[in-house]
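# Structure at a glance
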Amino acid sequence: MDLVIGIGNPLRGDDGIGPRVVAELGPVPSADAIGVAQLTPELALRLRTADRVLFVDAAVAGEAGTLVRRIRPARGHGLGHAVSPEALLDWTERVFGRAPDAWLLAVPGRLFDVAERLSPEGEKALPEAVEAVQAWLRSAAVESSEEDA
Amino acid sequence: MQREIHIEPVTRIEGHGKISVFLDEKGDVRDAQFHVTELRGFEKFCEGRTLWEMPGLTARICGICPVSHILASAKACDAILAVRIPRTAELLRRLMNLGQFVQSHALSFFYLSAPDFLLGWDADPATRNVVGLVAANPELARKGIRLRAFGQEVIDRLGGKRIHPAWAVPGGVHQPLSAENRAWIVSHLPEAKATILETLALYKKAFASAELRNLLGAFDSMYLGLVTPDGLWEHYTGVLRLVDMKGKAIVPALDPSQYATIIKEASEPWTYLKFPHYEPMGYPEGMYRVGPLGRVNVCDRFGTPMADRELEEFRAGEKKRSGRVFDYHYARLLEMLGAIEQMEVVLADASILSPHVRAEAGINELEGVGVHEAPRGTLIHHYHVDKNGVIEKANFIVSTGHNNLAMNRAVREIAKTYIKKGKVTEGILNRIEGGIRAYDPCLSCSVHAVGHMPLRLDIVEADGRRTTLCQE
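Read on for a plain summary of the structure. (Residues numbered from 1 in each chain as written. Chains lettered and ligands numbered in written order. Predicted model: local features only at pLDDT ≥ 70, side-chain atom pairs only at ≥ 80, totals over all residues. Heavy atoms only, no water.)

### Digging into the packing of helix α10 (residues 305–315) of chain B against helix α11 (residues 327–347) of chain B
Residue and element names in this part refer to chain B. Interhelical geometry of α10 versus α11 gives an angle of 160 degrees and a closest axis separation of 8 Å. Regarding the angle of α10 to α11, the classification is roughly antiparallel. Considering only the axes of α10 and α11, their crossing is left-handed. Residues P305, M306, A307, E310, L311 and F314 of α10 lie in contact with α11, whose contacting residues are D327, Y330, L334, L337, G338 and E341. (Axes fitted to C-alpha atoms, helices over the stretch in contact; angles between N-to-C directions. Helix = DSSP H or I, 4+ residues; strand = E, 2+ residues; numbered from the N terminus. Parallel < 35°, antiparallel > 145°, perpendicular 65-115°, else oblique. Left-handed = near helix turned anticlockwise from the far one by under 90°. Contact = heavy atoms within 4.5 Å.)

Shown next as structure tokens:
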């Protein structure tokens, strides 16, 4: 089973893009999709059984469009207030002996102040981000059918 | 002249803090202060908001213990509505608070503090963290993760989400418990209990000697917490009890809404965190402690069989209540066990699935106080409203505030023991920090600071020279 994790705080403008993307996805039969305010060590319990994981997070400006890139476990600065996807993968690997293959979808945002809605730029980036997640999920289906064949 | 040294280990407290240690001419410790240097001002900007918003609004004080603020706020609002909430609503609020105890204590014990005492105070800072704990005892780490996840799942299944669930409302709770969710929680209780018992056994074996339990110092103080009218451990309702080191009640059973008759808050210019104290004894002599050790010390018994047996063992051979800072960790394990047993009782109640979970009412009182026990200690919300229910004044006294005098005392005691003639090493620094961490302070609650700031230790010598040690 694949896992999609949308990361962010919906009360901080475009920081909430990750959970919003998950909400826009709707039901996905082939994957689990969850929105979280921040990554926490307990998510290792979900990662350990996932085949693949896609983290969806807002990126602070700079990016021209959404970007999916492969990420790998990497030692972070502890498991406090800010756990990175790479550190969570590392933690999962250390605790449970394996971490799933992982990707990060970075969605460009502009406004990270106190706000319950996305900025116009964030809203504009949303459909492309949702499509990127769907494409990532389809790629799993393709890989799976190729393996079956 | 100022010298600055950076050391590596992360702080592992929830929020931000700074410590100053003042040395005398010989380089020995004269005094120590634990500063909280940020201010968010929640009390002020709650003014003008409606009563109905308060549980959701005050939950935003903290991402670690929002459940605690939601429940205290809902209780203060109940008082203003002048309603007695439905029995099932009270049971469900209790259940959520017990879930909060388990997840918060598990976080404090396994993630923040266990690396110190299971890996050793003088272990390499690069490995003295939760990742190092995994390497040393992977099975314990895995069980700790599952235990915390269980507590969070209880909150999630009751409130719909783990952080800031808008579930407890004035008059009760927003939605009842489903049979499916009840079954899920019941089915996971045995594993949670087994993990706690195993960890308790490990902890007691590792810290059997009085010398080890005295690692972070010991001192006398009063203790404050809720108990049932019969003197049993309590976390949601009941009466406030203040005891001395003999366990003798100085204040036997105070109606929590009358807290202001015994507690006053003092201020100091060097910190934003106020100093609540027992007013009849004055400031700072009126120091008391709250939280896990506070509750364990004020109650006569837990009222559940396994926790009672463990409490008896905890007190065996002691002539007085524990004053050991380190025993906060022990008390957390006792409380998690008691919480699991109480969850069993609550979930077995015949009315737990009742759909009647909210009393409807308007503004019937212009003042309300909500007091309950957050994992870190007694939490007080006190509101004044106008006839339309608009907040005119709000006062919050949080557990980290109650413990402020004690944390300063703990830092001073540890600094006196481990800093001699100005000599400071990393292991000593971590003990000082551990003295604070034992209280599991939530500084974002106590002053509502935003973001992440490292702990800073200033050592001020008699001639005014200052050395600053920072933990990033």
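Next comes the rest of the account.
### Quick look at the packing of aromatic side chains
To describe a pair of aromatic rings, you give the distance between the ring centres and the angle between the ring planes. Enumeration according to the criterion identifies 17 aromatic pairs over all chains in this entry. Consider the rings of F150(B) and W184(B), whose centres lie 6.1 Å apart with planes at 20 degrees: the pair is stacked. Of this pair, F150(B) sits in helix α6 (residues 138–159) while W184(B) sits in helix α7 (residues 179–206); the two residues are 34 residues apart in sequence, bridging distant segments of the chain. Put simply, the rings of F109(B), F110(B), Y203(B), F207(B), F314(B), F326(B) and Y330(B) touch in pairs and so form one group of aromatic residues. Positioned above the aromatic ring of W103(A) is the side chain of R52(A), whose terminal nitrogen or guanidinium carbon lies 5.3 Å from the ring centre. Geometry around Y236(B) places K75(B) over its ring, the cationic atom sitting 4.4 Å from the centre. (Phe/Tyr/Trp six-rings, centres within 6.5 Å; stacked < 30°, edge-to-face > 60°. Lys NZ or Arg CZ within 6 Å of the ring centre and 35° of its normal.)

### Some remarks on the pairing of strand β8 (residues 249–254) of chain B
Residue and element names in this part refer to chain B. The pairing of strand β7 (residues 239–243) with β8 spans 3 bridges and is antiparallel. Looking at β8, one finds that V243 is bridged to A249. Counted between consecutive antiparallel strands, the loop separating β7 from β8 contains 5 residues, among which G247 sits at a positive phi close to 85 degrees. (Pairing = 2+ DSSP bridges.)

### Thoughts on unusual backbone geometry
Negative phi is the rule for most residues except glycine; trans is the rule for most peptide bonds. Residues and elements named next belong to chain B. Cis geometry marks the peptide bond from Y283 to P284; its omega dihedral reads 5 degrees. Looking at the secondary structure, you find P284 in the loop between β10 (271–278) and β11 (288–289). Residues other than glycine seldom take positive phi values, yet A82 does so here, at roughly 60 degrees. Looking at the secondary structure, you find A82 in the loop between α3 (66–81) and α4 (87–119).

Bear in mind that shape data such as this cannot, by itself, settle questions of function.
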